[in-house]
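Structure assessment
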Amino acid sequence: MTRSRTPRPRADSRPRTAARTAVCTAAALAAALTACSAPGESDDDTKASSGPIKVAVVNAQSGQLSSLGDWEYKGAKLAIDEWNEKGGIDGRKIQVKLFDDQGDPTTGTNIARRLVSEKYIAMIGTAESAVTIAMGPVLQQAKIPNITSGQSDGLVALKSPYLFLNGPTSTTYDSTLAEHLVKDKGYKKIAMITNNGSFGKGEHDAFLKAVKELGVTPSTDQVVTTDQKEFSAALTKIRSTKPEVIFIGSEEVEAGLIVKQARDLGITAPFAGAAPQGTPVFIDTAGKAAVEDTIVSSPYLSNDTSAASKKFAAAYEAAYGKEAELHGAKAYDGANILLTALRTSNGASGEELADAIRDTRYKGLLGDFRYDESGVGITKTTIGVIRDGELVPQR
Amino acid sequence: MQETLQTLVGGLSLGAVYALVAMGFSLVYRTMGLVNFAHADIAMIGAYAASTFYLTSKLPFAVAMVVAIAVTAAIGLVIERVLRPLENKDFDLMLIGTIGFGIVLQAVAILIWGTTGRAVRSPVRSAPLDLFGVRVRTYDLLVMAVAALAVLGLAWFLARTKRGAAMQAVAMDHEAATAVGIDVGRSNALAFSIGAGLAALAGGLVGPMLYVDASLGGALGIKGFAAAMLGGFGSIPGAVVGGLAIGVLDSYAAGHFQGYSVLVTFLVFTAAIMIRPMGVFGERTVSRA
């Protein structure tokens with residue numbers, strides 16, 4: 001390279017300058033764009049504004065994760081509709097728009113740029129940690145607070161002051177679960193099966209760390225891919241170690257298929273997992289008989305645990321004609337926290353809104369939210385068991 | 001040993017489904033020289049239709065399957081009819097047309113059945129068989145038997161019936177076939193509808209094994225397409241061998257390479273295609289463009 005360049009410095013230097021100019025222009029343009037569109041920096045975006053408050057919900061509405069996205073949207077929409085019925089915030093309506101990220105991080109980042117340019121004040125979602133992590137830097141730069149339904153510890157590692165979780169992290173879910181399995185149940189032989197997606201990887205690391213701290217090494221640690229459909233190789237290995245319980249770290253549908261196939265292979269040990277294992281999609285996919293005795297670590301076990309959850313479930317049923325579950329409840333809590341922060345800050349945006357969210361103390365369906373610097377507001381889950389196709393609290 | 005056999009059994013059942021998908025790809029390619037990219041999504045529609053007639057209309061599983069096959073065969077006819085004016089004129093546009101139909105079918109599925117998808121319960125209630133510690137699901141046996149019947153039926157149709165022979169003739173030389181009075185359009189329509197029917201058979205059968213939603217086509221299509229390539233695109237026995245090979249390969253890769261199994265499957269597939277670009281049963285390619 002260098003040798004060919006020396007004899008002809010002129011011919012070579014011209015295109016390089018042109019390229020540099022182009023890069024500079026692009027950078028300047030990008031800077032100008034973000035500067036213009038960052039909410040809270042121009043006058044008409046701050047409290048003085050009287051128009052509707054624009055809030056975006058981003059969640060998968062198509063693809064294998066669409067049921068998750070659908071629950072999240074329904075929960076968030078319910079909260080926003082309730083606030084609007086009560087007159088909104090300072091007389092301003094909350095205008096909500098749904099974006100479909102298809103569970104895909106690239107689509108997510110494109111949506112993030114749209115949120116910036118269309119001056120959304122805050123974002124609710126997504127349920128997919130990988131998508132949220134992909135969107136994070138863009139939203140942080142534009143100072144748009146984001147209340148996510150993701151639970152991966154990677155969200156905390158992002159260290160964005162504009163990112164808040166509406167539920168516990170994988171570490172919380174899985175250390176509670178590991179403690180229950182090892183200390184309360186006395187299980188020593190625990191097999192693991194997780195997928196290599198962002199959720200599964202998070203679950204894998206968090207659970208493995210938790211059981212090792214309790215002095216237990218898993219009998220086998222099987223990793224599958226997110227689009228795998230056939231699990232006999234992994235399940236046969238698990239069967240040969242004769243585990244007392246099998247930890248599963250995978251989303252609803254795949255986890256359902258794993259459990260279904262495990263039962264067909266004659267594995268009788270109960271499964272144990274986090275949020276996805278408490279959902280109707282998991283139970284339907286595997287079949288009611290197959291999921292009996294599944295141990296679930298979840299901050300929201302059923303609609304009957306408290307007066308607040310009963311009220312929420314009734315409103316959800318009235319609005320959508322469907323039974324409420326964890327993900328709707330999470331998004332409902334998240335949306336309520338955002339709206340409460342908007343009220344206490346008189347409809348502020350940007351940094352002020354993020355600070356208001358951090359200061360919000362909220363008694364939600366999932367527990368008492370108190371945000372720390374990492375953006376995590378809740379650090380407790382409870383243990384439930386599936387009996388007759390229903391998730392019930394562990395007695 | 002037990003583990004190896006169990007992995008083999010698991011791979012064969014899904015492999016049988018991939019073989020059915022590959023057969024549909026191959027049949028249309030063989031007759032028209034066209035890769036029908038909507039094929040996987042037709043399989044998805046077939047899976048949805050079968051599950052709807054089975055679960056919602058409470059028809060017996062076999063009847064639901066037959067109705068689903070009829071529905072997708074009709075869809076196949078429609079696609080062929082729309083593409084027919086392009087035949088021998090703009091081949092690329094025909095290819096893009098099939099991609100377009102795939103997208104339309106996915107959108108239609110979401111419109112009709114929503115985004116959530118559904119779990120289909122197995123129509124066979126008996127417990128898995130236990131052969132020396134290897135558990136074989138009775139439903140998997142059913143799938144393999146139906147797939148085998150479909151292969152034999154298609155082979156018989158192509159070799160022994162007049163219409164089948166006409167389709168073969170069109171595949172070899174469509175101008176000569178036209179000259180001897182074979183209706184090429186009708187032959188193509190037949191190929192498309194049989195291909196679509198096979199897709200529904202694959203989709204309907206895989207429903208109780210997996211989960212039916214609008215993205216099912218993606219899961220079946222890539223493996224089915226790879227199976228058709230591996231066996232030799234256009235070859236019916238090749239589709240069967242390719243399907244089973246991909247199913248088993250996938251299953252073993254999952255066992256040995258865990259999280260990297262997809263990568264390994266497709267690396268092996270790529271290597272195989274590089275060594276034998278025409279596939280195992282590679283015939284000369286049909287080129288109508």
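A brief report on the enclosed structure follows. As the structure is a prediction and not an experimental result, all values here were calculated from the model.

Glancing now at the overall build of chain B. In terms of helices and strands, chain B carries 11 helices and two strands. If you list the helices and strands of chain B from N to C, you get α-α-α-α-β-β-α-α-α-α-α-α-α. Scaling as 2.2 N^0.38, a compact globule of 289 residues should have a C-alpha radius of gyration of about 19 Å, and chain B matches this with 19 Å. Taken along the three principal axes of its C-alpha coordinates, chain B extends 60 × 50 × 35 Å. Residues classed as buried in chain B amount to 55% of the 289 residues present. Pairs at least 24 apart in sequence give 76% of the contacts found in chain B among residues at least 6 apart. With the model as given, the accessible surface of chain B reaches about 12300 Å², and the carbon-plus-sulfur share is 71%. In chain B, 18 positive and 14 negative side-chain charges are present, and the distance between their average locations comes to 9 Å.

The next point concerns the interface of chain A and chain B. The interface of chain A with chain B comprises 32 residues on the first partner and 30 residues on the second. In this assembly, chain A packs against chain B so that about 2500 Å² is buried in total across both faces, 53% of it on carbon and sulfur atoms. Its largest share of buried area at the contact with chain B, chain A owes to Lys229, Glu230 and Asp264 of chain A, together 20% of the area lost on that side. The interface formed by chain A and chain B includes two salt bridges. Among the salt bridges present, the one from Glu3 of chain B reaches Lys237 of chain A, with a minimum N-O distance of 3.8 Å. Where chain A packs against chain B, one counts nine residue pairs in polar contact (both at pLDDT 80 or more). Every element with two or more residues in the side of chain A that touches chain B is listed here: α3 (66-85), β7 (220-224), α9 (232-240), α10 (252-264) and α11 (280-286) of chain A. In terms of residue count, the dominant contributor to the side of chain A that touches chain B is α10 of chain A (six residues).

Right, let's get into the pairing of strand β14 (residues 390-393) of chain A. Residue and element names in this part refer to chain A. As paired elements, strand β13 (residues 382-387) and β14 share four bridges and run antiparallel to each other. Bridging from a neighbouring strand, Gly384 pairs with Pro393 of β14. Counting the residues between successive antiparallel strands, the hairpin from β13 to β14 contains two residues, one of them, Asp388, with a positive phi of roughly 55 degrees.

Rules of the game
- Residues numbered from 1 in each chain as written.
- Chains lettered and ligands numbered in written order.
- Predicted model: local features only at pLDDT ≥ 70, side-chain atom pairs only at ≥ 80, totals over all residues.
- Heavy atoms only, no water.
- Helix = DSSP H or I, 4+ residues; strand = E, 2+ residues; numbered from the N terminus.
- Rg over C-alpha atoms; globule rule 2.2 N^0.38 Å.
- Buried < 20%, exposed > 50% of the residue type's maximum accessible area, 1.4 Å probe, protein only.
- Contact = heavy atoms within 4.5 Å.
- Areas by Shrake-Rupley, 256 points an atom, 1.4 Å probe, with all protein chains shown as cover.
- Lys, Arg positive; Asp, Glu negative; His and termini not counted.
- Charge placed at Lys NZ, Arg CZ, Asp CG, Glu CD.
- Buried area = accessible area lost by both parts, 1.4 Å probe.
- Salt bridge = Lys/Arg side-chain N within 4 Å of Asp/Glu carboxyl O.
- Polar contact = N/O pair within 3.5 Å; in protein donor to acceptor, adjacent residues only side chain to side chain.
- Pairing = 2+ DSSP bridges.

Note that all results are geometric; they support no functional claim without further evidence.
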